[in-house]
Every structure is written in structure tokens, then in C-alpha cells.
Amino acid sequence: MAAPSCHVGPGTRREAAAAATTGGEEEEEEETETEGEEPGVGALRSVFPRDPALFADVFPVERRYRLCGHVLRIAQHHGPRLGLAASVWEAALSLCRYLEEQRFDFRGRTVIELGAGTGIVGILAALLGGDVTITDQPAALEQIRENVRLNFPPSATVRPQVRSLVWGRDEGSFPREYEVILGSDIVYHPPSFPPLLGTLRHLCGPRSLALLCAKMRGGDGGSRHFFRRMLPPYFRVQLLRREPEEEIEIYRVTCRGGGDPLEEGGVGGAHPVSVSLGEGLSPGWGCPEGD
């Protein structure tokens, strides 16, 4: 999840607090009132926590995720600086599981992940053979670089690039026509929708395929408005999967007027059933059996 505005949600705060309380044993010291202190100050000092980690700006957590035969190590630096970008959100895991289930083959394909946060989706695409560029706002880049280091040894001949991309400002410095564009939980903040749309229009060419996964937030003016009203004038939009319990949806987005990247030998081998937006689900597509 990208962070158009760097605030920390309640779930992030709870996880950060839980992470901060896991540590070694703390040596107990007897608190006594010192000369010159107000009466009762010593007693208050004995009640309040003394662990400096509880007041740290960042609470680092490292978790492991088994996907596509790989074990991904992902660091998450919870705190006000990264805000929402610090966490692996459920939509990112949903997209990763979808890539796994459909047996996606990224070998030889140019791939870009937008609003990467931790970079987990782009890292998985790189492990599956893609020539991957992982992007987010500048504040998130060090966390992404750390996760690239955790998953690609120094001896690796191919590893993802990590670059800053602020939507509506930086896309001109990126090449057009990436073959695959990936995004998870990047459609949640309505003021960011127009610059995100402009970025997608720049990056997508006639043979590009975008896979966007999002938790449906904000009612009629939120995520669904972006997929059902803002994208269709410029892109063909297909709903590939809906997860009702989490209110997560995965969309396939291709340029209007361009050829179908699947029919022209693009990513994967199986052909999806054509599905109109909001109707039944497509079975998706992946690499051919036996590949």
C-alpha cells in the first residue's frame, strides 16, 4: 500500500505496540524519590514504563511468507514516518496468492509495481523471472531496498530496481509500455485517483497488462468509482476475482484500442473468459501446464 498521506491507522498502531513489547528480560531497579523531587514523583516513575523501545519512532518487524515455492522475508518498519506504507496489507497477499494460483510466468517481461510499500508483490514477480522495477514515494524506498537485500543475495545476477515514483509528477522519467503493471491497495485515497490514472496512462501501452488489487473502501466515491468510472474511458477493465469476506477485488486492466496481451503471446498462456465489469469472475490465466 502506498502512502498518499502518512498517517498511522489503528491496526498499525496495535501491531507496532505488540512488536515493541516483545523483547528480552528487563532488569528491575528500585525507584526511590531523589532529593528535590516533588512528593509522589518517584511513585509515578515506578508505574510508567521505562523501556525506550516503547517510545521509538519505528517498530521493526520481519515476517516470512511462503509463495510460489519461495520463502519471502519482508521487513516492516511501523511508525509515523512510513505510515500505511510500512505494512503488508491483505490486498498484497491476495494478489500474491492469485499469481501463485494462476501460475504466472514473468520470465523475460518488464514489470513495474506502483505504490509498493514493502515491495512484496514486485519481489515475488522478480523471483518468478520478471525484469522488475519497484516504486513508491521517497520515504518508503529504504524499506523496499532492505527487503530486496533480504530476498536477493549479493551474488544474484538479477534483482529488482527500486525507484521513486510520485504519481502525477515522476512518471515522465519512466519508459512507456511496461508489459506488466502491478498494484495492491493503491486505490483508497480519492485525491490521488487523478494522478494515479495519469501514471497508468503513461506506463501502459497497447500490449501492457495491469493487475490491480484493492480493498473496496469509500463507498460510491471510493475505490469502486476509480475502477468503474475513471478507468473505463481509457482502459478495458475486467473483474478477475472478488473476496467478499475481505471486500477485496482483483482487476485486469488493458488499454482500449490495443491488442490483447494474452492473445498476442504476452504474459501467461491460458486465455481468460471475457467478463464484463461487475459480472461473473474470469478464471484468470497463467503459464501453460507443464511449463
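This text follows the structure it describes.
Residues numbered from 1 in each chain as written. Predicted model: local features only at pLDDT ≥ 70, side-chain atom pairs only at ≥ 80, totals over all residues. Heavy atoms only, no water.

A.B. asks: I tried to follow the packing of helix α6 (residues 193-203) against helix α7 (residues 223-230) on my own but got confused; where do I start?
C.D. replies: Axes are the key here: two packed helices are described by the angle between their axes and the distance separating the axes. Two elements in contact, α6 and α7, have axes separated by 11 Å at closest approach and are oriented at 45°. In this view, α6 runs oblique relative to α7, as classed from their interaxial angle. Handedness of the α6/α7 crossing: right-handed. Two secondary-structure elements touch here, α6 through Phe193, Pro194, Leu196, Leu197 and Leu200 and α7 through Ser223, Phe226 and Met230. (Axes fitted to C-alpha atoms, helices over the stretch in contact; angles between N-to-C directions. Helix = DSSP H or I, 4+ residues; strand = E, 2+ residues; numbered from the N terminus. Parallel < 35°, antiparallel > 145°, perpendicular 65-115°, else oblique. Left-handed = near helix turned anticlockwise from the far one by under 90°. Contact = heavy atoms within 4.5 Å.)

A.B. asks: Hey, could you run me through the environment of Asp131 in this one?
C.D. replies: When you line up the elements, Asp131 lands in strand β4 (residues 131-136). Setting aside its immediate chain neighbours within four residues, Asp131 contacts Arg109, Thr110 and Val111.

A.B. asks: Any chance you could explain the pairing of β4 here in plain terms?
C.D. replies: Sheet faces and side chains relate simply in a regular strand, where the side chains alternate between the two faces. With respect to burial, β4 is a largely interior element, 5 of its 6 residues being buried. As defined by bridge partners, strand β3 (residues 110-114) adjoins β4 across 4 bridges and the pair is classed as parallel. When the sheet's bridge partners are listed, Thr110 is paired in β4 with Asp131. Between β3 and its parallel partner β4, the chain crosses via helix α4 (residues 120-127), and the hand of that crossover is right-handed. Examined bridge by bridge, β4 and strand β5 (residues 161-164) share 4 bridges and lie parallel to one another. Counterpart to Thr135 in the pairing with β5 is Arg163. (Buried < 20%, exposed > 50% of the residue type's maximum accessible area, 1.4 Å probe, protein only. Pairing = 2+ DSSP bridges. Right-handed = clockwise from strand over helix to strand, strands pointing away.)

A.B. asks: Even after reading the chapter, I still don't get the nonpolar core, so can you show me in this structure?
C.D. replies: Grouped burial of nonpolar side chains is what soluble globular proteins tend to show. In this structure, Phe106, Ile120 and Val121 are the most contacted members of the largest nonpolar core, which totals 37 residues. For this core, the leading source of residues is helix α3 (residues 90-101), giving 7 residues. If sequence neighbours within four positions are ignored, Phe106 has contacts with Leu99, Val111, Ala125, Leu128, Gly129, Gly130 and Val180. One finds Ile112, Ile181, Phe235 and Tyr251 within the second-largest nonpolar core, a separate group that totals 29 residues. (Core = buried A, V, L, I, M, F, W, Y, C linked by side-chain atoms within 4.5 Å.)

A.B. asks: What should I look at first to understand the side chain of Ser223 in this one?
C.D. replies: Relative to the helices and strands, Ser223 resides in helix α7. Among residues more than four places away in sequence, those in contact with Ser223 are Val187, Tyr188, Phe193, Lys215, Met216 and Arg217.

A.B. asks: Hey, could you run me through the packing of α3 against α4 in this one?
C.D. replies: At a minimum axis distance of 9 Å, the contact between α3 and α4 shows a crossing angle of 15°. Put simply, α3 runs roughly parallel to α4. α3 and α4 meet at a crossing whose hand is right-handed. Packed against α3, whose contacting residues are Ala92, Leu93, Leu95, Cys96 and Leu99, the element α4 presents Ile120, Val121 and Leu124 at the interface. Considered class by class, the residues forming the contact of α3 with α4 number 8 nonpolar, no polar and no charged. (Nonpolar A, V, L, I, M, F, W, Y, C, P; charged D, E, K, R; others polar.)

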